Amino acid sequence: MLLLTLDLLGIFVFAVSGGLLAVRKRLDIVGVVVLAMVTGLGGGLIRDVLIGALPPPALEDWRYLVTPILAGLVTFLWHPAVGRLEGVINVFDAAGLGMFAVAGALKAHEYGLGPVPAAMLGMLTGIGGGAIRDLLAGQVPVVLRDGEFYAIPALIGSAVAVTGVHLGLPLPVVAVPAAAMTTGWRLIALRRGWTAPLPRDVPPPT
Amino acid sequence: MLLLTLDLLGIFVFAVSGGLLAVRKRLDIVGVVVLAMVTGLGGGLIRDVLIGALPPPALEDWRYLVTPILAGLVTFLWHPAVGRLEGVINVFDAAGLGMFAVAGALKAHEYGLGPVPAAMLGMLTGIGGGAIRDLLAGQVPVVLRDGEFYAIPALIGSAVAVTGVHLGLPLPVVAVPAAAMTTGWRLIALRRGWTAPLPRDVPPPT
Amino acid sequence: MLLLTLDLLGIFVFAVSGGLLAVRKRLDIVGVVVLAMVTGLGGGLIRDVLIGALPPPALEDWRYLVTPILAGLVTFLWHPAVGRLEGVINVFDAAGLGMFAVAGALKAHEYGLGPVPAAMLGMLTGIGGGAIRDLLAGQVPVVLRDGEFYAIPALIGSAVAVTGVHLGLPLPVVAVPAAAMTTGWRLIALRRGWTAPLPRDVPPPT
């Protein structure tokens, strides 16, 4: 019950970020709700398709669908107020990132994938929804371009969690610190403005 | 046999819309045929992947592949004539939307999904092909942005069909009126210029 | 062992093309590595999802993940040198195209698909990774627009291979010449500047 609530909360916050981008891009109500759904559920859906967990649990429990729809409608109606909560949203988004990445990695591991693929799928669970959101809104995924520390903490947290479980440590002992590490690192990076490296010596575009 | 013909006709018309967009975007013959295929088959393929109906029937029957390829080639060769048929195409497209959405929702329901996810997947079956078409052509999906009544009739028709079957009504009694409702609503919206709501008070882009 | 080495080499070269595009688009290190992975593995992943070969072998063998990651990192660090190797890369890319298309078609056929769908999936295996690469980098897939002979040799090679196997010829007798044909045709087209037809009489964009 606690896990379900946390999961739905994570989906809600991710979905709000999708809805907000849709509003800024002046999409209509369909666009706002679809971007909210895609952002909230997309990472998990890609993971479930790739590991063959079909139909995905998000399509078997209506609460997983109603949550991002609600987030979309709330954002559609009250986007100026929602937009002002950006600081709060960033914190929840970092929490969602940690939770989704670690849960995604452990699920992939449970389905028989080795540590390296499971860690990659954990990262993908964390960043996939936002990447589809950006594609649908017509922009290169933020996670690939701005040098933000977003994918890297997700990958490391996933790797730590999978390694722990692979070594036989009990799941909660592994999952909670790994998710907290991802979230904390993401928040510190945000606050201090850390950036991921950009390639050097790129000639100016012609 | 009637059903197969209707289905292939729907795919053909959707595929023509993909081919026409590709021509307008000045893609080459590969682009025209690929956009035709993706638009004609994309919605059904996404649905089949998500419910785990793999390999999708569209890949097991060559007629499902040859139909959109033909539509693509016809559009490539005679696009000025095809483009002038836009009024006719819109009618068939609305018919395809109703048919695909309702058939998609009922298939998802048959695969064990509850009414809410099945209705969502019905909508996705109806709008998915056009969304991938737009992404590949480098534009934000029309269905998300112009306030056109396209996704909403598809969703309502899907919901009506799934609810009916869920309540135990016989399939044809449910499917035909639900598809007709989606199609009719879409056509009326087109004729009268109805639009879906846009978010209010969005600050101008900076 | 030879096959695995060839396969990994193909992935490496495709991945380098992804990394180079990411560098040119000024993505960060995450973008360079992700585009490398997506370009190297994307075509095969789409094929495996569509035929239901889940989880895909590329996620069950860590070497399939480490190879494109390495290609991404090498490109990130030494992109000026890597970029100067474009002529060499084109040759390897053509080799990868032939190999991936034919192997993809034969795998789809093995999973029970008929010759037409199997040939289409072979082409998709060859061109899919590059198409996702372009979408993520914010451009219309090159394979759809520049009239380059890329998809067409892949499709013909796939069709030849599937037809041969369908007629009962032994696999190597079929696969090697089919892949060589695709690769050779692609290279000749590159050298001679052959182009695929563009639609005629397209009115200028308004």
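Residues numbered from 1 in each chain as written. Chains lettered and ligands numbered in written order. Predicted model: local features only at pLDDT ≥ 70, side-chain atom pairs only at ≥ 80, totals over all residues. Heavy atoms only, no water.

- The name given to chain A in an unreviewed UniProt entry is Trimeric intracellular cation channel family protein, with Nocardioides vastitatis as the source organism.
- Recorded in UniProt for chain A, the comment headed Sequence similarities (unreviewed entry) runs: "Belongs to the UPF0126 family." (UniProt positions renumbered as here; feature names shortened; annotations may be inferred.)

### Some remarks on the overall build of chain A
Piece 1. Regarding its fold elements, chain A presents 8 helices and 0 strands.
Piece 2. The secondary structure elements of chain A, listed N-terminal to C-terminal, are α-α-α-α-α-α-α-α.
Piece 3. Its C-alpha atoms give chain A a radius of gyration of 17 Å, within 12% of the compact-globule value 17 Å for 206 residues.
Piece 4. Reported as C-alpha extents along the three principal axes, the dimensions of chain A are approximately 50 × 50 × 30 Å.
Piece 5. Split into buried and exposed, the 206 residues of chain A put 57% on the buried side.
Piece 6. Pairs at least 24 apart in sequence give 76% of the contacts found in chain A among residues at least 6 apart.
Piece 7. Accessible surface, chain A as shown: approximately 8700 Å² in total, 71% of it carbon and sulfur. (Helix = DSSP H or I, 4+ residues; strand = E, 2+ residues; numbered from the N terminus. Rg over C-alpha atoms; globule rule 2.2 N^0.38 Å. Buried < 20%, exposed > 50% of the residue type's maximum accessible area, 1.4 Å probe, protein only. Contact = heavy atoms within 4.5 Å. Areas by Shrake-Rupley, 256 points an atom, 1.4 Å probe, with all protein chains shown as cover.)

### A few points about the interface of chain C and chain A
Piece 1. Contact with chain C, which involves 26 residues of that partner, is made by 32 residues of chain A.
Piece 2. Contact with chain A buries surface across chain C, with R26, D28 and L59 of chain C losing the most and accounting together for 25% of the total.
Piece 3. Counting across the interface, chain C meets chain A through 0 salt bridges.
Piece 4. Taken together, the connections running from chain C to chain A amount to 6 residue pairs in polar contact (both at pLDDT 80 or more).
Piece 5. Classifying every residue of the side of chain C that touches chain A by side-chain character gives 20 nonpolar, 3 polar and 3 charged. (Buried area = accessible area lost by both parts, 1.4 Å probe. Salt bridge = Lys/Arg side-chain N within 4 Å of Asp/Glu carboxyl O. Polar contact = N/O pair within 3.5 Å; in protein donor to acceptor, adjacent residues only side chain to side chain. Nonpolar A, V, L, I, M, F, W, Y, C, P; charged D, E, K, R; others polar.)

### Digging into the interface of chain B and chain C
Piece 1. The interface of chain B with chain C comprises 26 residues on the first partner and 32 residues on the second.
Piece 2. In this assembly, chain B packs against chain C so that about 2300 Å² is buried in total across both faces, 75% of it on carbon and sulfur atoms.
Piece 3. The largest share of the area that chain B buries against chain C comes from R26, D28 and L59 of chain B, three residues that together contribute 24% of it.
Piece 4. On inspection of chain B and its partner chain C, the count reaches 0 salt bridges.
Piece 5. In this assembly, chain B and chain C are joined by 6 residue pairs in polar contact (both at pLDDT 80 or more).

### A closer look at the UniProt feature "transmembrane region" (unreviewed entry) in chain A
Residues and elements named next belong to chain A.
Piece 1. Per the UniProt record, "transmembrane region" (unreviewed entry) is found at residues 6–23, 30–50, 62–81, 88–106, 118–137 and 149–167.
Piece 2. Measuring from the first to the last C-alpha atom of residues 6–23 gives 26 Å, for a span that is 100% helix and 0% strand.
Piece 3. Annotated as 100% helix and 0% strand, the span residues 88–106 places its first and last C-alpha atoms 27 Å apart.

### A few points about the UniProt feature "domain: Glycine transporter" (unreviewed entry) in chain A
Residues and elements named next belong to chain A.
Piece 1. Here, UniProt's "domain: Glycine transporter" (unreviewed entry) annotation points to residues 5–79 and 91–163.
Piece 2. Regarding residues 5–79, the helix share stands at 81% and the strand share at 0%, and the terminal C-alpha atoms are separated by 24 Å.
Piece 3. Structurally, residues 91–163 is divided into 81% helix and 0% strand, and its ends, taken at the C-alpha atoms, are 26 Å apart.

### Some points on a nonpolar patch on the surface
Piece 1. Judged by side-chain polarity, L9, L85, V88 and F92 of chain A come together as a nonpolar surface patch covering roughly 340 Å² of accessible area.
Piece 2. Tracing the chain through its elements places F92 of chain A in helix α4 (residues 86–110). (Patch = residues over 30% accessible without salt bridge, like charges linked within 9 Å, V, L, I, M, F, W, Y side chains within 5 Å.)

### Focus: the nonpolar core
Piece 1. Ranked by internal contacts, the top residues of the largest apolar core, which has 152 residues, are L35 and L144 of chain A, L35 and L144 of chain B together with L144 of chain C.
Piece 2. Beyond its immediate stretch of four places on either side in the chain, L144 of chain C contacts L27, D28, V30, G31, V34, L35 and L136 of chain B. (Core = buried A, V, L, I, M, F, W, Y, C linked by side-chain atoms within 4.5 Å.)

### Here's the deal with the relation of the copies chain C and chain A
Piece 1. Overlaying chain C with chain A gives an RMSD of 0.0 Å, the required rotation being 120° about an axis along which the chain moves by 0.0 Å. Both copies are brought into coincidence by an operation consistent with a three-fold rotation axis.
Piece 2. Here only 12% of the interface residues in chain C have copies in chain A that are interface residues too; the copies meet through unlike faces. (Least-squares fit on C-alpha atoms with pLDDT ≥ 70 in both.)

### Re helix α1 (residues 2–24) of chain B
Piece 1. With 23 residues, α1 of chain B should cover 33 Å at 1.5 Å per step; its first-to-last C-alpha distance of 33 Å lies within 8% of that length.
Piece 2. R26 of chain B sits one or two residues past α1 of chain B and shows a positive phi near 60°. (Expected span 1.5 Å × (residues − 1).)

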